[in-house]
Amino acid sequence: MRVIKCVKTSEVVLLLLFSLSIIQDGSCIKWLALGKTSDGRVWTRELCTSARSSGLLERKQARACRAAPDVMPSLIQAARDTSFVCQQAFRNRRWNCSSIERAPYYTPELLSGTREQAFVYAMSAAAAVWRLARGCALGNLAACSCATPPRREPPSPSALISSSSFISRSASFDAMSARNSFKWGGCGDDVRSASRMAKRFLQGSSPTGSGSTSKFLHAVNMHNNRAGRRAVEQSLTLECKCHGVSGSCSVRTCWRGLDSKGPAAAGVRLFRKYATAAEVRPKSGSRLPPLYHHDNLLYTTKSPDYCLPDKKRGSLGTVGRQCNGSSAGYEGCEYLCCGRGHVTKTREILERCECKYISCCYSVKCKTCKNIITTYECN
Ligand SMILES: *[C@@H]1O[C@H](CO)[C@@H](O)[C@H](O)[C@H]1NC(C)=O
Ligand SMILES: *[C@@H]1O[C@H](CO)[C@@H](O)[C@H](O)[C@H]1NC(C)=O
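Residues numbered from 1 in each chain as written. Chains lettered and ligands numbered in written order. Predicted model: local features only at pLDDT ≥ 70, side-chain atom pairs only at ≥ 80, totals over all residues. Heavy atoms only, no water.

For the chain, the name recorded in an unreviewed UniProt entry is Protein Wnt, with Cotesia congregata as its organism. As stated in UniProt under Function (unreviewed entry), the record for the chain gives "Ligand for members of the frizzled family of seven transmembrane receptors." As stated in UniProt under Sequence similarities (unreviewed entry), the record for the chain gives "Belongs to the Wnt family." (UniProt positions renumbered as here; feature names shortened; annotations may be inferred.)

What follows concerns the overall build of the chain. Along its length, the chain carries 12 helices and 10 strands. Counting over 379 residues, the chain shows a buried share of 43%. (Helix = DSSP H or I, 4+ residues; strand = E, 2+ residues; numbered from the N terminus. Buried < 20%, exposed > 50% of the residue type's maximum accessible area, 1.4 Å probe, protein only.)

On to the nonpolar core, then. One finds W31, L32, W43, L57 and M72 to be the most contacted residues of the largest nonpolar core, which totals 66 residues. For this core, the elements supplying multiple residues, two or more each, are helix 3 (45–53), helix 4 (59–67), helix 5 (72–89), helix 6 (115–137), helix 9 (191–202), helix 10 (212–234) and helix 11 (264–275). Considering every element that reaches this core, the biggest residue donor is helix 6, with 15 residues. Look past the residues within four positions of L57 in its chain and what remains in contact with it is W31, L34, C48, A51, R52, A62, C65, M72 and F201. (Core = buried A, V, L, I, M, F, W, Y, C linked by side-chain atoms within 4.5 Å. Contact = heavy atoms within 4.5 Å.)

A word on the site of ligand 2. Looking at ligand 2, the residues that line it are N324, S326 and S327. Against a free-state accessible area of 360 Å², the protein chains account for coverage of 26% of ligand 2. (Near = heavy atom within 4 Å. Areas by Shrake-Rupley, 256 points an atom, 1.4 Å probe, with all protein chains shown as cover.)

Looking now at a positive patch on the surface. On the surface, R52, R59, K60 and R63 cluster together into a patch of positive charge. With three residues, the top contributor of residues to the positive patch is helix 4. (Patch = residues over 30% accessible without salt bridge, like charges linked within 9 Å, V, L, I, M, F, W, Y side chains within 5 Å. Salt bridge = Lys/Arg side-chain N within 4 Å of Asp/Glu carboxyl O. Lys, Arg positive; Asp, Glu negative; His and termini not counted. Charge placed at Lys NZ, Arg CZ, Asp CG, Glu CD.)

Moving on to the state of the cysteines. Taken as a whole and judged by the stated rule, the model has 10 disulfides. Each sulfur of the disulfide joining C323 and C333 lies 2.1 Å from the other. Disulfide C323 to C333: torsion about the S-S bond roughly 85°, handedness right-handed. In this pair, C323 is assigned in strand 8 (residues 322–323) and C333 in helix 12 (residues 333–336), connecting sequence segments 10 residues apart. Judged by relative accessible area, C323 falls into the buried class, the value being 9%. C360 shares a disulfide with C361; S-S distance 2.2 Å. The disulfide joining C360 to C361 has a torsion of about -50° about its S-S bond and is therefore left-handed. (Disulfide = S-S within 2.5 Å.)

Around ligand 1 sit N96, S98, L316, G317 and R321, and that is every residue in its neighbourhood. Here N96 contributes a side-chain N or O atom positioned 2.4 Å from an oxygen atom of ligand 1. Between ligand 1 and G317 there is a distance of 2.9 Å, counted from an oxygen atom to a backbone nitrogen or oxygen. In isolation ligand 1 exposes 360 Å². Once the protein is present, 47% of that is buried. (Polar contact = N/O pair within 3.5 Å; in protein donor to acceptor, adjacent residues only side chain to side chain.)

Another point: the side chain of R321. For R321, the location among the structural elements is in the loop between strand 7 (315–316) and strand 8. At a separation of 3.2 Å, a polar atom in the side chain of R321 contacts the main-chain carbonyl oxygen of R94. Residues contacting R321, with those up to four places away along its chain left out, are R91, N92, R93, R94, N96, L336, Y376, E377 and C378.

With mixed pairing, the three strands of this open sheet are ordered in space as 1-3-2. Looking along the sheet, the strands with just one partner apiece sit at the ends: strand 1 (181–184) and strand 2 (237–243). Strand-to-strand, the axes of this sheet are offset by a mean angle of 30°, without reference to chain direction. With four bridges connecting them, strand 1 and strand 3 (residues 251–257) associate as parallel partners. When the bridges of strand 3 are listed, S181 appears paired with V251. (Pairing = 2+ DSSP bridges. Axes fitted to C-alpha atoms, helices over the stretch in contact; angles between N-to-C directions.)

Structure follows, in structure tokens:
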């Protein structure tokens, strides 16, 4: 308080404006709050407008919503995927992504251009592409259906065999290596259209703040969005089906499909990118330096160590977190508790055990066993 009293009014106003512009920049992921809305709503133009007035959608997003309300259920799913995949990926880390649940009221670490923010932006874009592409293939969206087949031929049989998603394993290797005819067919997932739709929706308004810092952060956010969209394109798998007499595989139909693990497959890629994210600084204007590869995640602000609570920087601290007493990794007590030590707690639980099936009476008889569970908690 005392400090603020000493600052001139004009400076306070400036300070306020500055923090407002930061909040504005973070708003491109406000839509993740849609994950908390109920399913089964029919999205109409009116609903898009009311989502805009309650702050869940930005102006441009609301416009995209009104133009094609049928994409909204896919985006709601994508919002849930983002939250789930993120919390799953970070569950053992000091920052465990629990703050994503605060959408649309994010804490500073998801607004100030950290590595964590980079991951969330990329992941949300990846999830949006995956869900939209799935919506296309299911025929739920007016704007797309199956992908136009690629112009080039499907890869050689040997490449197919190494592909993990090769469906017809019954075909003999000899038949496969023989020169056989193949064609694109089936319903390839239309990731390109989905990516375009996701881009249009996620792009967000350009920053309202005129400051070059906020413009730069916006450019970085958009870069990370694109990295996320590309992660889905890269996790497409080749799927083929054999045709021909008794599985001879003389004709194959192939298509490119989404990974059946859902957006989590892209999440695994992006989590690796999180570890190698690069820090960028604005040089001239709001442009990104050209040397950064499309697929890298970028951040502008160093993250706190997330050891102790620090509201200003968006750190919740790790006090009370459960850690692993025998691991030397991120989830180990040593690292997770930041050297503050931990308490060991034991608990007795009763469980059914040594169950036997009694054939005379069609029933199962069990004993009750005592089990001791040990947990570790950070100080
Ligand atoms: C995530 O971290 C927060 C803050 O330390 C903690 O309150 C929460 O229980 C953690 N969630 C999980 C699933 O560990
Ligand atoms: C703790 O870490 C060890 C070693 O990495 C691992 O084998 C064990 O499954 C972990 N325990 C829990 C509860 O995750």
